[in-house]
Amino acid sequence: MWDDAFPSFLIGLREGLEAGLIVSILIATLVRAEARSRLPQVWTGVLAAIAVAMSFGAVLTFTAASLSATAQEAFGGTLGVIAVAFVTAMVFWMRRSARSLSGELREKVTGALAMGSGMLVLTSFLAVGREGLETALFLWTTARAAGESAGPLTGAAIGLVLAAGLCWGLYRRVLKINLTRFFTVTGAVLIVIAAGVLGYGLRDLQEGGVLPGGTAYAVDLTGSVDAGSWYSTLVQGVFNLTPAMTWLQVVAYVAYLAVVMTLFVRGVRATTPKPAAERSAPEPKAAGPRRRRPVWVIPAAVVAVPAVLAGLVVALSRPKPAGDQTVAVSETECGKGFTAPRPGRQTFQMHNTGGKTSEVYLIDPSTSAVYGEIEGLAPGTTRDLVATVAGGTYAWRCVPTGGKAVTSKAVRVSGGGAAKPVVPVSAQDLTAPLKAYRTYVEQGLATLVAQTRTLDDDIEGGHLDRARTDWLTAHRTYASLGAAYGTFEDFDQKIDGRPDGLPNGVQDKDFTGFLRLEHGLWHGEPAKNLRAPAQQLTDAAAGLQKAFPTQEFDPGDLPLRAHEILENTLQFELTGDTDQGSGTGLATADANLAGTRELLTVLQPLLTSRAPRLLPTVDADVARLQKLLDAAHDGTHWTPVDRLAATDRQRLDGATGQLLEDLAPVPDLLEIRKSA
């Protein structure tokens, strides 16, 4: 989390110290002027500034959440660029003003005391408010770049607390800090961080369709850099530099860094002390007596007003739920009460008024592409369906159990950017991929039968060293048939069942197959004890080969297995959970990866037409994971999982996790949806 927290820690420390110094100078000025009674006015202004900053952060967070995915990218990118501008201006302002800040503020306090309490509140509010708004904007931007808020908020909180402690120490004169050097060093670091934020913001604008060049990559190291490694995570979190960057990102990053850093360094060298400005400020005089009001009135108002205004902005920015008009579903009528919604993220309340459970889809009637769906909406029940609505034509399609599909009248929505519906997949669409994969499995089973017979012969002849080599060869063949496991029925337990749950564990009579032989071969069992398990394995493989052509292979299993094969790999092989002594979990993982690659090959035509950017990303993930697995393989020897170096194991887990994350959309993209 520290990689995401550091930029926010730095901004919290620096902005907190700036604001704290301002407050300290204001308080010190009033104390020296014997106007302590006016201190609550300073704190009221500070409180108002904090309330406005927090309200501003809430508006950014909740307003962005109500936008479509594309609009969120554009919104976040725009604010990211604005945040860079603010931070850049803040760095230069503090470098220029640090030496004369005390004198300028004392002059403002003198004028405020002469003009009344309201001006003193306003002075402290304006002095602190800018830092608060900058902090809120930068925090929101860095949290969005990190994809989570815990790290950035924690870093900012630590920075602000540390800044408060330093300011207290400076006020009490128990600390001596070279503030000029402090602001110079932190300014240089913030310029580097801001360059990364600028690149990330421009990338968001490209993904939001505001700027071109989203696919023109200047740097693409996804195939050679482990995105899950500690160093990659640190660089991405602190500097927002990613393994793949477009030309626009790279040019903007380099240009910003070169220009701004050059100007900053030149400005530091040219700055000369201006002590006279600080000494020339006259001491303020306290104002005369005034009518008192309850002390809680103004503080309560300055907190309540920004909060109320922020709440109104959030409420007005959130789209009115289309569910205010209940959309009815039945066997004969679908979409009753449906009117054209406003663009944006919408929540529809779907109520089944019929007597049958129904599948409900929000579709583009011209293509049947799906924007949102509810599976199994029972009679008499109401459920929310959330979808992003943009410019286009929309209709409801209801498919009752055992009935015919009913489609509502279409409505037209104007404006609102673009939404990304999923083109539906039918069982017919998966016929060709299923046929190709069945052929692959049939060839693999033929190879498996021959290899298990060889293994059986090894054990029958007492050649256990040779049997260990042939065992791994055969086991890898079986592991590469991952997408068909659900079709193998009881044969899978006989061939590759684990001892988990068996009364006697590895000694149980029902423990058979590859893992049973693995336990015996690597725990010194004599050949005579392994002959029966070896024969059972051979018979099971031959039985599966004979049964497979008639086994029912659900075409919907193909998209599911694209994710599940490696999910099981991460859970079992990469934890060593299935290892019975051979230490070849990574060899099995390698075979599982080969099976996943074969499955993606047969699904490629369907995936390319629905998500053209998905497979290139997945291919890069696969290459990264393959490279890590190859590094653990030396000839016929595989490094056992429990003997991997900690960093190597983290890389493997990270690469597999990243691949799983990128494969996660496949089941939804290729889900078979009912149409009749």
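On a predicted model such as this, the values are computed, not experimentally measured, just so you know.

**Notes on the layout of surface pockets**
Now for step 1: One number sums up the size of the second largest pocket: a volume of about 980 Å³.
Now for step 2: Together, 35 residues line the second largest pocket, and Ile50, Ala53, Thr135, Leu139 and Leu160 are the ones closest to its centre.
Now for step 3: Of the residues contributing to the lining of the second largest pocket, the split by class is 24 nonpolar, 8 polar and 3 charged.

**Thoughts on the nonpolar core**
The tendency in soluble globular proteins is for nonpolar side chains to be buried as a group.
Now for step 1: Core analysis: the biggest nonpolar cluster contains 71 residues, and Tyr437, Phe488, Leu586, Leu599 and Leu607 have the highest contact counts within it.
Now for step 2: Here this core takes 10 residues from helix H18 (residues 585–610), the largest share from any one element.
Now for step 3: Within the second largest apolar cluster, 23 residues are counted, among which are Leu10, Ile11, Phe138 and Val260.

**Notes on the packing of aromatic side chains**
Now for step 1: Tallied over the full model, the rule gives 12 aromatic pairs.
Now for step 2: Here the aromatic rings of Phe338 and Phe348 are separated by 6.2 Å at their centres, their planes lie at 65°, and the arrangement is edge-to-face. Here Phe338, found in the loop between strand S4 (334–336) and strand S5 (344–352), pairs with Phe348, found in strand S5; they are 10 residues apart in sequence, far enough to count as distant. No difference in accessibility class separates Phe338 from Phe348, as the two residues are buried.
Now for step 3: Relative to Trp522, the ring of Trp471 lies with its centre 5.3 Å away and its plane at 70°, an arrangement referred to as edge-to-face. Here Trp471 is found in helix H13 (residues 464–479), whereas its partner Trp522 is found in the loop between helix H15 (514–521) and helix H16 (527–547), with 51 residues between them in sequence.
Now for step 4: Residue Trp471 is classed as buried on the basis of its relative accessible area of 0%.
Now for step 5: In this structure an aromatic cluster arises from ring pairing among Tyr437, Tyr440, Trp471, Tyr478, Phe488, Phe514, Trp522, Phe548 and Phe553.

**Structural notes on the pattern of salt bridges**
Now for step 1: Tallied over the entire structure, the rule returns 10 salt bridges.
Now for step 2: Of the charged contacts in the structure, one is a salt bridge between Asp500 and Arg498, with a shortest N-O distance of 3.5 Å.
Now for step 3: The exposure class assigned to Arg498 is partly exposed, which follows from its relative accessible area of 31%.
Now for step 4: For Lys509, the salt bridge is made with Asp510, and the minimal N-O distance between the two is 3.5 Å.
Now for step 5: Classification of Asp510 by relative accessible area gives partly exposed; the value is 44%.
Now for step 6: Through salt bridges with shared partners, one network takes in Asp557, Arg561 and Glu564.

**Overview of the side chain of Arg438**
Now for step 1: Tracing the backbone through its elements, the reader meets Arg438 in helix H12 (residues 431–460).
Now for step 2: One buried charged side chain, Arg438, makes no salt bridge at all; its nearest oppositely charged neighbour is Glu442, positioned 4.6 Å away.
Now for step 3: Reaching out from Arg438, the side chain makes a polar contact with the backbone oxygen of Phe548 at a distance of 2.9 Å.
Now for step 4: Sequence-distant contacts of Arg438, defined by excluding residues within four places in its chain, comprise Phe548, Pro549, Thr550, Gln551 and Phe553.

**Brief notes about the sheet that holds S4**
Now for step 1: Ordered by their spatial adjacency, 4 strands build an open sheet running S4-S3-S5-S8, and the pairing between neighbours is mixed. The two strands at the open ends of the sheet, each matched to only one other strand, are S4 and strand S8 (382–389). Each strand axis lies, on average, 35° off the axis of its neighbour in the sheet, ignoring direction.

**Here's the deal with the confidence of the model for the chain**
Regions with low pLDDT carry predicted coordinates that are not meant to be interpreted in detail.
Now for step 1: Residues at a pLDDT of 70 or more form 79% of the chain, whose mean pLDDT is 80.
Now for step 2: Ranking the elements of the chain by mean pLDDT puts helix H10 (residues 275–279) last, at 40, and H13 first, at 96.
Now for step 3: Taken together, the stretch residues 272–291 has pLDDT below 50 and engages in 29 contacts with residues farther than four places along the chain or on a different chain.

**Overview of the environment of Val52**
Now for step 1: Mapped onto the fold, Val52 is located in helix H2 (residues 39–65).
Now for step 2: Here Val52 falls in the partly exposed class, since its relative accessible area comes to 26%.
Now for step 3: Sequence spacing of Val52 and Phe125 is 73 residues, and the spatial spacing of their C-alpha atoms is 9.7 Å.

**Focus on empty space enclosed by the protein**
Now for step 1: Applying the stated rule across the entire model yields 2 cavities of 30 Å³ or more.
Now for step 2: There is about 60 Å³ of room inside the largest cavity.
Now for step 3: Together, Trp471, His475, Leu515, Glu518, Thr578, Asp579, Ser582, Thr584, Gly585 and Thr588 line the largest cavity.
Now for step 4: A class-by-class count of the residues in the lining of the largest cavity yields 2 nonpolar, 6 polar and 2 charged.
Now for step 5: Looking at the second largest cavity, the residues that line it are Leu566, Thr569, Leu574, Ala589, Leu625, Leu629 and Thr656.
Now for step 6: At the level of secondary structure, the elements contributing two or more residues to the lining of the second largest cavity comprise helix H17 (557–571) and helix H19 (614–631).
Now for step 7: Considering only residue class, the lining of the second largest cavity consists of 5 nonpolar, 2 polar and no charged.

Rules of the game
Residues numbered from 1 in each chain as written. Predicted model: local features only at pLDDT ≥ 70, side-chain atom pairs only at ≥ 80, totals over all residues. Heavy atoms only, no water. 1 Å grid on protein atoms, 1.4 Å probe; cavity = no way out; pocket = protein on both sides within 12 Å on 5 of 7 lines; lining within 4 Å. Points joined across faces, edges and corners; volume = space filled by probe spheres on them. Nonpolar A, V, L, I, M, F, W, Y, C, P; charged D, E, K, R; others polar. Core = buried A, V, L, I, M, F, W, Y, C linked by side-chain atoms within 4.5 Å. Buried < 20%, exposed > 50% of the residue type's maximum accessible area, 1.4 Å probe, protein only. Helix = DSSP H or I, 4+ residues; strand = E, 2+ residues; numbered from the N terminus. Phe/Tyr/Trp six-rings, centres within 6.5 Å; stacked < 30°, edge-to-face > 60°. Salt bridge = Lys/Arg side-chain N within 4 Å of Asp/Glu carboxyl O. Lys, Arg positive; Asp, Glu negative; His and termini not counted. Polar contact = N/O pair within 3.5 Å; in protein donor to acceptor, adjacent residues only side chain to side chain. Contact = heavy atoms within 4.5 Å. Pairing = 2+ DSSP bridges. Axes fitted to C-alpha atoms, helices over the stretch in contact; angles between N-to-C directions. pLDDT = per-residue confidence, 0-100.

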